[in-house]
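Letter by letter, the chains look like this.
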Amino acid sequence: MTQPIAILSVYDKTGLVEFAKGLTEARVRLLGSGGTSKKIREAGIPIEDVSSITKAPEMLGGRVKTLHPAIHGGILARPTLDSDAQDLKSQGIDPISIVVCNLYPFSETIAKPNATLADAVEEIDIGGVTLLRAAAKNHAHVSILCSPSDYDGFLADLKKGDVGQTRRNLLALKAFEHTKAYDEAISGYLREQYASSESDSGVVQRMALRYGANPHQKPAQAFVENGELPFKALAGSPGYINLLDALNSWALVKELQASLGLPAAASFKHVSPAGAAIGVPLSEVEKQVYGVDDLKAELTPLAAAYARARGADRMSSFGDFIALSAPCDIATAKIISREVSDGIIAPGYSEEALDVLKKKKGGKYCVLQIDPNYEPPAIETRQVYGISMQQRRNDAVIDANLFKNIVSQNKELPTSALQSLTVATLSLKYTQSNSVTYAARGALIGVGAGQQSRIHCTRLAGSKADLWWLRHHPKVLSLPFKKAVKRAEKANAIDLFVGGEELEGSEKESWEAMFEDVPQPLSAEERKQWLAKMFTDVDSEEGGAKGVACASDAFFPFPDNVHRARRSGVKYLSAPGGSVMDDACVKVADEYGMVVARTELRLFHH
C-alpha cells in the first residue's frame, strides 16, 4: 500500500506539532511550506518542503508556495478514475490524501486601527484558499482540516484505520464555510474602500450608517453584494431604523399604486405604518381635519395621499419616515415641510420640491431617491442571535382578485370599499404582527400592530379609528386655538380632547393655555351620537361604501373581533380562514349585514 501523504500549510500553528507527531506515528508522509515546515522540523519531526516535489522554490516573497500541478494534481486526482491515475503516473505525481491549511489573518489585520490598504492586501491568502477548495472539492477521497479543533478527532479515527466519509463530508463543509467567510471579509473591506457612498468611484454598493438600532450599536452599514444600492441620499443621511422604515414603506406604496392605479403615500414609524393612503381627493372637511385647509395651491393626488397618510394618526406619525410612490411634487413637499419628520423616500423629486426638502432640519433632513425598477431577490436572509434564517420574500400580489371569495350573505362590495380593503390588507403585509387595520376612503384610519392577542389588535385599531372620526366632529373643527400654537401642539391638544383625557395640575394648565376660550369636553352622548355616524357618514360621497373596511393578517379566532370592529363602523371585513370559529365569526357578521371576504392569505410580518 502506498504511504499516504499530507500537506501542511497553516498560519495558526495551534496544536500543529502534536498533530504532525500523530500523523507521523500513523505512517503519514509530511510535506510542509515555509514556517509550517520549519516549526515541525524544529520539533524533531521529519517533514519535507513542498519544493521537494514541485522542484520550484517559494517565490515573490512567499506569495507563491503551493500553486503547482504537483500539489494540486495530487489533491484533485480521483483514484477510482483510470484516466486520473494515468495522468499522475505520466507526470510523476503522487496522490495527496490529507490537506491541513488555515489562512492569513485578514480580519485581524484590518481590525487594527492603523492598518493600511497595503497591509490588508498582503493578508489576502491565495495559495491557502486554493488548497482548501481543491481538497474540499475532492472530499470523496481527501480529508481537509482547516481548524486545530478537528485535529484530535481526526487522529483518533486515523489510528482506527479509517477516517470515514462522514468526517470528510463535514470537514469539506467546514472548509467551504471558512473560505466563504474569508472572501466575505475581503469583499466587505474592499467594498468599503472602493464602492462606498463616501468614495469617488461612481459605483455605490455600501452606505455607512451613523449607528444601528441604538447609538451604542456601532459600526453599522447598509450594503448589497451584487450590483449597486438601489437608493441614494440626496440630502442628510439615514440611520438603521430610518432604512427599515424607508424600504418597508417604499415596498408598500409601490404595491399600492400598482394595485389601485393611484399615487400612494405612507407614514412609517418603527417599521409599521402609522398611515397609508392613495390619492383620493379631499373634501373641505377632510382638508381641515388633516390640517391642509390653509394651503392655497390645489392639492395634487400625491399631496392628497400624503395628507391622508399623515393625518390618519398624527400622534403616531410625529417624526415619521415618508414614502411616496411617485416623484415628489411641490404641493406634497410643502405639506411635508411643515411636519416633524425624519426623512422621505421616493422615486424622484421635482427641482422645486427637492429645494424645499433640502432646507428641512437645517439641511440634515434625509432625502432618499430609490430606483423604481429595483426588484429585490426572491430569497431573503436575516440573522438573529448569530443564526441565519432564509425564506422566500413575501411577494404575494394583493389586488381585487384576493377579495372575490365573499362568504357572507351580503355580497355587495362597492369600488370604494374594495379600494379600502386593498389599502388595509396591503398595509398588513408591512405591519408588525399580529396586526389589524381599519381603512376608509382609500386610507388607513386605525392600525393595531405588534400585539400578541388578535382582539387587542382589533381594539387598538378600532380605538384609533374612533379617534380619527371624532376629529371630524364640529366641536373639534372649531376649537379656538391661539395663533401662536404650533402644529404639533395642536395635534397633541386635539388628541387629548377627543380621547377624553381627564387632565390635572400643570398638564391641564398647559392644555387650557392653548385656547382663546377653554372648550367644553365632548359629552358621552355627543361621542355616542357622532361615532354612530361612522356607519353612514364615513365614505358617504357619491358612490361611497358608507362604512369602514377592516383587515386582519390572520384569522379571527373568536367573534368578539367582529363585534368590536362593528362598533367602529366596520361594514367590510377581510381575513384568511383557518379558525374553528370561522363560521361563528361569519354568522355574527351576517347579523350585522357585513360583507366578509375570505382571502386565504396569511400576512404575518416580523
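Scroll up a little and you will see the structure.
Parameters and conventions
- Residues numbered from 1 in each chain as written.
- Predicted model: local features only at pLDDT ≥ 70, side-chain atom pairs only at ≥ 80, totals over all residues.
- Heavy atoms only, no water.
- Helix = DSSP H or I, 4+ residues; strand = E, 2+ residues; numbered from the N terminus.
- Contact = heavy atoms within 4.5 Å.
- Lys, Arg positive; Asp, Glu negative; His and termini not counted.
- Charge placed at Lys NZ, Arg CZ, Asp CG, Glu CD.
- Buried < 20%, exposed > 50% of the residue type's maximum accessible area, 1.4 Å probe, protein only.
- Pairing = 2+ DSSP bridges.
- Right-handed = clockwise from strand over helix to strand, strands pointing away.
- Patch = residues over 30% accessible without salt bridge, like charges linked within 9 Å, V, L, I, M, F, W, Y side chains within 5 Å.
- Areas by Shrake-Rupley, 256 points an atom, 1.4 Å probe, with all protein chains shown as cover.
- Salt bridge = Lys/Arg side-chain N within 4 Å of Asp/Glu carboxyl O.
- Expected span 1.5 Å × (residues − 1).
- Phe/Tyr/Trp six-rings, centres within 6.5 Å; stacked < 30°, edge-to-face > 60°.
- Lys NZ or Arg CZ within 6 Å of the ring centre and 35° of its normal.
- Axes fitted to C-alpha atoms, helices over the stretch in contact; angles between N-to-C directions.
- Left-handed = near helix turned anticlockwise from the far one by under 90°.
- Nonpolar A, V, L, I, M, F, W, Y, C, P; charged D, E, K, R; others polar.

Novice: Help me out: how do you make sense of the overall build of the protein in this one?
Specialist: Looking only at helices and strands, one finds 24 helices and 20 strands in the protein. With respect to the three principal axes, the spread of C-alpha positions in the protein is 100 × 55 × 45 Å. Intrachain contacts of the protein at a sequence separation of at least 6 include 60% that bridge at least 24 residues. Here the protein contributes 69 positive and 73 negative side-chain charges, whose respective centroids are spaced 1 Å apart.

Novice: Looking at this structure, how should I read the environment of Ala264?
Specialist: As for its position among the elements, Ala264 is in strand β9 (residues 264-269). Given a relative accessible area of 0%, Ala264 falls into the buried group. Look past the residues within four positions of Ala264 in its chain and what remains in contact with it is Val253, Leu256, Gln257, Ala277, Ile278, Leu302, Ala305, Ala323, Leu324 and Ser325.

Novice: Honestly, helix α23 (residues 560-567) in this entry has me stumped. Any pointers?
Specialist: Since the α-helix packs 3.6 residues into each turn, any two residues three or four apart lie on the same face. Residues of α23 that are buried include every one of Asn561, Val562, Arg564, Ala565 and Arg566, and no others. Looking at the buried residues of α23, the elements they touch are β16 (435-440), α18 (454-470), β18 (548-552), β19 (570-575) and α24 (582-592).

Novice: Mind showing me how you'd approach the pairing of strand β14 (residues 379-384) here?
Specialist: Consecutive side chains along a regular strand alternate between the two faces of the sheet. Relative to strand β15 (residues 387-392), β14 runs antiparallel, the two being bridged by 6 bridges. Its bridge partner lying in β15, Glu380 is registered against Gln391. Hairpin connection, β14 to β15: the antiparallel pair is bridged by 2 residues, and Tyr385 has positive phi, about 55 degrees.

Novice: Just checking my understanding: could you explain the pairing of β19 for this structure?
Specialist: For β19, the tally of buried residues reaches 5 of 6 residues, placing the bulk of the element in the interior. Between the parallel pair β18 and β19, the chain is carried across by α23, and the sense of this crossover is right-handed. As judged from the 4 bridges shared by β19 and strand β20 (residues 595-598), these two strands associate in the parallel manner. In the sheet register, Ser574 faces β20, and the bridge partner there is Ala597. Read from β19 through α24 to β20, the crossover connection turns out right-handed.

Novice: What should I look at first to understand unusual backbone geometry in this one?
Specialist: Most peptide bonds take the trans form, and the phi angle of most residues other than glycine is negative. Look at the link from Lys218 to Pro219: it is a cis peptide, with omega at -5 degrees. With respect to the secondary-structure elements, Pro219 resides in the loop between β6 (206-209) and β7 (220-223). Cis geometry marks the peptide bond from Ser433 to Asn434, where omega comes out at -15 degrees. Tracing the chain through its elements places Asn434 in the loop between α17 (415-428) and β16.

Novice: Could you clarify how one ought to interpret a negative patch on the surface in this entry?
Specialist: On the surface, a cluster of negative charge is made up of Glu501, Glu502, Glu504 and Glu507. Owing to a relative accessible area of 66%, Glu504 belongs among the exposed residues under this scheme.

Novice: How should I be thinking about the sheet that holds strand β4 (residues 98-101) in this particular structure?
Specialist: The strands that make up a sheet pair up through hydrogen bonds in the backbone, lying either parallel or antiparallel. Reading across from one edge, β3-β2-β1-β4-β5 is the order of the 5 strands in this open sheet, with parallel pairing throughout. The sheet is open, and its two edges are formed by β3 (48-49) and β5 (143-145), each paired on a single side.

Novice: Please clarify how helix α10 (residues 165-194) should be interpreted in this entry.
Specialist: For α10, which comprises 30 residues, the first-to-last C-alpha distance of 43 Å matches the rise-based estimate of 44 Å (1.5 Å per residue) to within 8%. Every buried residue belonging to α10 is among Arg168, Leu171, Ala172, Ala175, Thr179, Tyr182, Ala185, Ile186, Tyr189 and Arg191, and all of these are buried.

Novice: I tried to follow a nonpolar patch on the surface on my own but got confused; where do I start?
Specialist: A cluster of nonpolar residues, Val384, Tyr385, Ile387 and Met389, forms a patch on the protein surface that exposes about 490 Å² of accessible area. Along the chain, the position of Val384 falls in strand β14.

Novice: Got a minute to help me understand the packing of aromatic side chains in this structure?
Specialist: Both the distance between ring centres and the angle between the ring planes are used here to describe each pair of aromatic rings. All chains considered together, the criterion is met by 9 aromatic pairs. On the numbers, 6.3 Å between centres and 70 degrees between planes, the contact of Phe106 with Tyr182 is edge-to-face. Highlighted residues: Phe106 in helix α6 (residues 106-110) and Tyr182 in helix α10, separated in sequence by 76 residues. In terms of burial, Phe106 and Tyr182 fall into one category: buried. In this structure an aromatic cluster arises from ring pairing among Phe481, Phe497, Trp511 and Phe515. Between the NZ or CZ atom of Arg210 and the centre of the ring of Tyr211, over which it lies, the distance is 5.9 Å.

Novice: Mind showing me how you'd approach the packing of helix α8 (residues 127-137) against α10 here?
Specialist: When two helices pack together, their arrangement is captured by the angle between the axes and the distance separating the axes. The N-to-C vectors of α8 and α10 enclose an angle of 145 degrees; their axes lie 9 Å apart at closest approach. Helix-helix and strand crossings are classified by hand; for α8 and α10 the assignment is left-handed. Counting all contacts with α8, which are made through Val129, Leu132, Arg133, Ala136 and Lys137, the residues of α10 involved are Ala172, Ala175, Phe176, His178, Thr179 and Tyr182. For the contact of α8 with α10, the per-class residue count stands at 7 nonpolar, 2 polar and 2 charged.

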